[in-house]
Amino acid sequence: MIAIPVAVVAGVVAFQIMSPGEPAERNNPAASPKPVPSTPVEMAAPPLADRPAAVCRALLSKLPDHFGDLPRRPVTAGPEQNAAYGEPAVTVACGASAPTPPDGAQYFQIEGPCWYQDDPAGARRWSLQGREVPLVVMAPSGFLGQDLVDLAKPITEAIPEVKQVCKG
């Protein structure tokens, strides 16, 4: 008599523990992501020579619609060389001037491409290294770079490597 009710209770408890539920954040409106504006993100579009312009067009045509969880947004200038995602915006600028890493700089190889990271003026800047055309990703200061994985395949397919910077 006792075994059946205990088995039923144990089964219900096990089902509740093992069944996938919505994360707590989804049930908490305060933790919901902010809406992303549809307004264009302000970006500069410096003129590019023919070859970098062609490489940037090839790259931009391969970029994903999302960067991590951030949806793509329009840009004010140079949609053939610039992209933006989310709010606050993470920007991708192809052909943009990139800082020269100091001697002894630390590099990060993320799914193939090699990056140098620095933190200018409360932002985080990731500069692509060893490729034919420079690429700079600007993000809010807390950005760790794990979403750069989303750019690895497009970069590898569109921007030829000219120098191995990261060893590995």
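Okay, so let's go over this structure.

## Digging into the pairing of strand β4 (residues 90-94)
Argument step 1. Judged by how many residues are buried, β4 sits mostly within the fold: five of five residues are covered.
Argument step 2. By the alternation rule, side chains of β4 split into Val90, Val92 and Cys94 and Thr91 and Ala93, which are all buried.
Argument step 3. Here strand β3 (residues 82-85) runs beside β4; their pairing, made up of four bridges, is antiparallel. Counterpart to Ala84 in the pairing with β4 is Thr91.
Argument step 4. Turn length for the β3-β4 hairpin, with the two strands adjacent in sequence and antiparallel, is four residues, and the turn residue Gly86 shows positive phi of about 70°.
Argument step 5. Alignment of β4 against strand β8 (residues 135-140), held across four bridges, turns out to be antiparallel. When the bridges of β8 are listed, Val92 appears paired with Val137.

## Details of unusual backbone geometry
Argument step 1. Backbone torsion omega between Glu87 and Pro88 reads 0°, so that peptide bond is classified as cis.
Argument step 2. Inspection of the secondary structure puts Pro88 in the loop between β3 and β4.
Argument step 3. In this structure, Glu111 is a non-glycine residue whose phi angle is positive, near 55°.
Argument step 4. Secondary-structure assignment places Glu111 in the loop between β5 (107-109) and β6 (114-118).

Cut-offs and rules
- Residues numbered from 1 in each chain as written.
- Predicted model: local features only at pLDDT ≥ 70, side-chain atom pairs only at ≥ 80, totals over all residues.
- Heavy atoms only, no water.
- Buried < 20%, exposed > 50% of the residue type's maximum accessible area, 1.4 Å probe, protein only.
- Helix = DSSP H or I, 4+ residues; strand = E, 2+ residues; numbered from the N terminus.
- Pairing = 2+ DSSP bridges.

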